[in-house]
Amino acid sequence: MSEAAQKQMNPTASRPVRCIVKLGGAAITNKGELESIDEESLRSSCAQLRQAMSHSGAAEKVLGMDWSRRIGDPAEPVVDAESFSEMGGLGLDTNFVVVHGAGSFGHFQASRSGVHKGGLHSTLVKAGFVATRISVTSLNQEIVRALAKEGIPSVGMSPFACGWSTKQRNLVSANASQIIQSLHAGFVPVLHGDAVLDESLDCTILSGDVIIRHLAQLLSPKYVVFLTDVHGVYDRPPTDPNAVLLKEIEVDDNGSWSIVKPALQKGVEISVAAHDTTGGMETKILEAAAIARLGVDVYITKVGTEHSLRALKGDTSWEGWLGTVIRSSK
Ligand SMILES: Nc1ncnc2c1ncn2[C@@H]1O[C@H](COP(=O)(O)OP(=O)(O)OP(=O)(O)O)[C@@H](O)[C@H]1O
């Protein structure tokens, strides 16, 4: 368990958290285009999250909670106050936490300035820290808006602003009391990969995947879902036409993992994009293995598919489900 998780006093939530979801940067942004959201992927992820949270499971009228005007939009926001005041409740199981990556927001600013390597005495790093935070927090705002449009009571929370910090890139201070209180109050916290202060490097980038592991340790969710732009973990970069999807990976007590399905002779090859400052799929597998070791099943699958909807509902038992399950061997 990380130093930051050990430090915390009995942080258990009153109801167990059902699911922690990672909206991958590759899934919800156009990675090759600076600060560009993949609107369709984001919309479908939010709609699927609503379906997974819904008590009735039926399609119902959605009352949006984004009541602010967009810059440059002359139209007044739609506020259906009457319908809200007549509702007995939202009819949603909001016991979810959402964490998103940066994708084409933040990665460029961070890699151009070297924020991930530290050294705040450099004015370039200092400027890059500011630029990275502007970029990732603006994406956070858009994701909170998109969830609110689906009637999900989401609230944005930045790790840096919550005082989270690292030492040699490992979390040392990451108080989750505000997240837990927000869950108790019926909100869905929405966190993101962020630029943070680091005790030995001055600063670094804290990846969304590392945040998920920390929250899984503290909140013991029933399951964790990583939504990305590919169907799961392959035996080699999925751009290779011979790449094979790994359906099941088991993690043993000492953290080492083995591929259970399909039976393969070779290990896994991973490629990481040059601008990616947080380790790409490699970090994801390591963090997912650490979560599985806690006894929490992890599903990695493709955003905006029937497979992602099943994963968000915690039901991947269907024969045709496409994705990677990472679980403890015990
Ligand atoms: N062996 C592999 N299996 C699966 N994907 C791989 C593999 N090797 C490289 N990749 C690449 O990893 C990418 C997904 O990792 P990435 O970290 O970009 O995802 P993300 O979580 O959606 O984004 P972010 O980390 O920005 O939040 C895919 O686009 C894929 O091309």
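Scroll up to find the structure this text is about.
Here's a quick rundown of the structure. Sequence positions are assigned chain by chain, starting from 1 and proceeding in written order. In keeping with the predicted nature of the model, local features appear solely for residues at pLDDT of at least 70, side-chain atom pairs appear and are counted solely at 80 or more, and the whole-chain, interface and lining totals rest on all residues. Side-chain measures were taken over the full set of non-hydrogen atoms in the model, leaving aside hydrogen atoms and water.

A closer look at the packing of helix α8 (residues 208-219) against helix α9 (residues 280-293)
Each pair of packed helices can be summarised by the angle the axes make with each other and by the distance between the axes. Axis separation between α8 and α9 bottoms out at 9 Å; the angle between their running directions is 5°. The angle between α8 and α9 places the two elements in the roughly parallel class. Note on element contacts: α9 touches α8 through G280, T283, K284, E287, A290 and I291, opposite D209, V210, I212, R213 and A216. For this classification, the nonpolar set comprises Ala, Val, Leu, Ile, Met, Phe, Trp, Tyr, Cys and Pro, the charged set comprises Asp, Glu, Lys and Arg, and every other residue, Gly included, is treated as polar. When grouped by side-chain class, the residues that make up the contact of α8 with α9 number five nonpolar, two polar and four charged. Only the contacting stretch of a helix is used when fitting its axis, a line to C-alpha atoms as for every element, and angles between N-to-C directions run 0 to 180 degrees. Numbering of helices and strands runs from the N terminus, with a helix taken as a DSSP run of H or I at least four residues long and a strand as a DSSP run of E at least two residues long. Any angle from 65 to 115 degrees is called roughly perpendicular, while one under 35 is roughly parallel, one over 145 is roughly antiparallel, and all others are oblique. Note on definitions: a residue-residue contact is assigned when non-hydrogen atoms from the two residues lie within 4.5 Å.

A short note on the packing of aromatic side chains
Each aromatic pair joins two rings of Phe, Tyr and Trp (for Trp, the six-membered one) with centres within 6.5 Å, and gets the label stacked for planes under 30 degrees apart, edge-to-face for over 60, and tilted for any other angle. Scanning all chains against the criterion turns up four aromatic pairs. An angle of 65° between the planes, with centres 5.8 Å apart, marks the rings of W67 and F84 as edge-to-face. Here W67, found in the loop between α3 (39-53) and α4 (81-86), pairs with F84, found in helix α4; they are 17 residues apart in sequence, far enough to count as distant. Throughout, exposure labels follow a simple rule: accessible area from a 1.4 Å probe, protein chains only, divided by the maximum for the residue type, with under 20% read as buried, over 50% as exposed, and the rest as partly exposed. The class of F84 is buried, set by a relative accessible area of 19%. Seen in terms of ring centroids, Y299 and W321 are 6.0 Å apart; in terms of plane orientation they differ by 70°. Their pairing is edge-to-face. Taken together, the residues span a long stretch of sequence, with Y299 in strand β12 (residues 297-302) and W321 in the loop between α10 (306-313) and β13 (324-328) at a distance of 22 residues. In this structure Y299 comes out as buried when scored by relative accessible area, which is 6%. Of the aromatic side chains, those joined through ring pairs into one cluster are Y223, Y299 and W321.

Section: the pattern of salt bridges
Here, a salt bridge means any Lys or Arg side-chain nitrogen found within 4 Å of an Asp or Glu carboxyl oxygen. Per the counting criterion, the structure on display carries 18 salt bridges. Linking D209 and K284 is a salt bridge whose minimum nitrogen-to-oxygen distance equals 3.0 Å. Of the two residues, D209 sits in helix α8 while K284 sits in helix α9, which places them 75 residues apart along the sequence. Each member of the pair, D209 as well as K284, carries the same accessibility label: buried.

Observations regarding α9
Residue pairs three or four apart in sequence face the same way in an α-helix, which turns once every 3.6 residues. Multiplying 1.5 Å by the residue count of a helix minus one yields the expected span of that helix. Spanning 14 residues, α9 covers 21 Å between terminal C-alpha atoms, matching the ideal 20 Å at 1.5 Å per step. Counting buried positions along α9 gives ten out of 14 residues, so the element sits mostly inside the fold. Of all the positions in α9, only G280, M281, T283, K284, I285, E287, A288, A289, I291 and A292 are classed as buried. G295 sits one or two residues past α9 and shows a positive phi near 95°.

Remarks on the environment of I212
Among the secondary structure elements, I212 is positioned in helix α8. For I212, a relative accessible area of 0% gives the class buried. Filtering out sequence-adjacent residues up to four positions away, I212 remains in contact with I20, V21, K22, V99, V224, F226 and I291.

Details of the pairing of β13
Within β13, four of the five residues are buried, which leaves it mostly tucked inside the rest of the structure. The pairing criterion is simple: DSSP has to find at least two bridges between the two strands. In terms of strand pairing, strand β10 (residues 248-251) meets β13 through four bridges, oriented parallel. Counted as the bridge partner of I249 is I326 from β13. Relative to β13, β12 runs antiparallel, the two sharing three bridges. Along β13, the bridge assignment pairs V298 with I326.

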